[in-house]
Amino acid sequence: MTEPALLLEGVTKRYRRSSAGVTDLHVDVAPGQVFGFLGPNGAGKTTTIRMVLDLLRPDRGTIRIFGLDARHDATAAHRRVGYVPGDLALWERFSGREVLDHLAHLRGGVDLQRRDRLVERFEVELDRPMRTL
C-alpha cells in the first residue's frame, strides 16, 4: 500500500484568546491526487498549512508528508513540498540569483543544473533585482 502524500489525523490547534483554530481535522490525500483547500476567512486554511510545514505546532494530532513525520522529519519532508504564501515578500534589493541561492541553501541544497535549465526555459533574468521581476 502506498503512503498518502499528505495525512492529517485528529489535528487540532487552539489559540489562547479564542476557541478559533482547527479542531480534529482528518485529511488523506493520495499521491497524484489534486486537492483544493477552500474555505472562508478564519476557517483554518493558513493555520493548517503552517502546521503541515511545521511553522506552527499543533496542540494535538499527527501530520505525515509522504510517510514522513512533519515535525521530526521536517527537513526531509520539506524537500518534497513547495509552498508559496499569498503574502510572500522577497528581498527586493537582492538579485533573482541571490534569492534563489539563499532559498536553495535554506532548503538544504538543490540540483543547480536543473535550476539553470528551468531558468533558461522560462527566460528568467536572474541578475535583475527581485523588485523588477
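Residues numbered from 1 in each chain as written. Predicted model: local features only at pLDDT ≥ 70, side-chain atom pairs only at ≥ 80, totals over all residues. Heavy atoms only, no water.

(A) Representation of the overall build of the protein chain in the model. Summing up its helical and strand segments, the protein chain has four helices and four strands in all. Along the protein chain, helices and strands appear, N-terminal first, in the series β-β-α-β-β-α-α-α. For the protein chain, buried positions account for 26% of its 133 residues. In the protein chain, the share of contacts with a sequence separation of at least 24, taken over all contacts with a separation of at least 6, comes to 55%. Charge-centre separation for the protein chain: the mean point of 21 positive side chains lies 5 Å from the mean point of 18 negative side chains. (Helix = DSSP H or I, 4+ residues; strand = E, 2+ residues; numbered from the N terminus. Buried < 20%, exposed > 50% of the residue type's maximum accessible area, 1.4 Å probe, protein only. Contact = heavy atoms within 4.5 Å. Lys, Arg positive; Asp, Glu negative; His and termini not counted. Charge placed at Lys NZ, Arg CZ, Asp CG, Glu CD.)

(B) Spatial organisation of the pattern of salt bridges. Enumeration according to the criterion identifies six salt bridges in this entry. Put simply, Asp54 and Arg57 hold a salt bridge, and the shortest N to O gap is 2.7 Å. Looking at Arg57, the relative accessible area reads 39%, which means it is partly exposed. Here Glu125 ties to Arg128 by a salt bridge, and the two come within 3.9 Å at their closest N and O atoms. On the accessibility criterion, Arg128 (31% relative accessible area) is partly exposed. (Salt bridge = Lys/Arg side-chain N within 4 Å of Asp/Glu carboxyl O.)

(C) Molecular detail of unusual backbone geometry. Positive phi, normally seen in glycine, also occurs at Asp54, with a value near 60°. Positionally, Asp54 belongs in the loop between helix H1 (45-52) and strand S3 (60-65). The class of Asp54 is buried, set by a relative accessible area of 18%. Positive phi is not limited to glycine here, since Phe66 has a value of about 50°.

(D) A look at the layout of surface pockets. Each pocket or cavity is described by its volume, and for the second largest pocket that value is around 540 Å³. Forming the walls of the second largest pocket are 23 residues, and the residues nearest its centre are Leu6, Ile49, Val52, Val81 and Gly82. Of all the elements in the fold, those that place two or more residues in the lining of the second largest pocket are strand S1 (6-15), strand S2 (18-29) and H1. Considering every element that reaches the lining of the second largest pocket, the biggest residue donor is H1, with five residues. Residues of the lining of the second largest pocket, tallied by class, amount to 16 nonpolar, four polar and three charged. (1 Å grid on protein atoms, 1.4 Å probe; cavity = no way out; pocket = protein on both sides within 12 Å on 5 of 7 lines; lining within 4 Å. Points joined across faces, edges and corners; volume = space filled by probe spheres on them. Nonpolar A, V, L, I, M, F, W, Y, C, P; charged D, E, K, R; others polar.)

(E) Spatial organisation of helix H4 (residues 112-121). Of the residues flanking the start of H4, the one acting as N-cap is Asp111, its side-chain oxygen 3.0 Å from the backbone nitrogen of Gln113. The first or second residue beyond H4 is Glu123, which carries a positive phi of 55°. (Polar contact = N/O pair within 3.5 Å; in protein donor to acceptor, adjacent residues only side chain to side chain.)

(F) How the structure looks around the environment of Arg93. Among the secondary structure elements, Arg93 is positioned in the loop between helix H2 (74-78) and helix H3 (96-107). Its relative accessible area of 76% is what places Arg93 among the exposed residues. Taking the C-alpha atoms as reference, Arg93 lies 9.2 Å from Arg128; in sequence the two are 35 residues apart. In this structure Arg93 touches Glu98 and Arg131, once residues within four positions along its chain are discounted.

Honestly, that's just the spatial picture; any functional story needs more than this.
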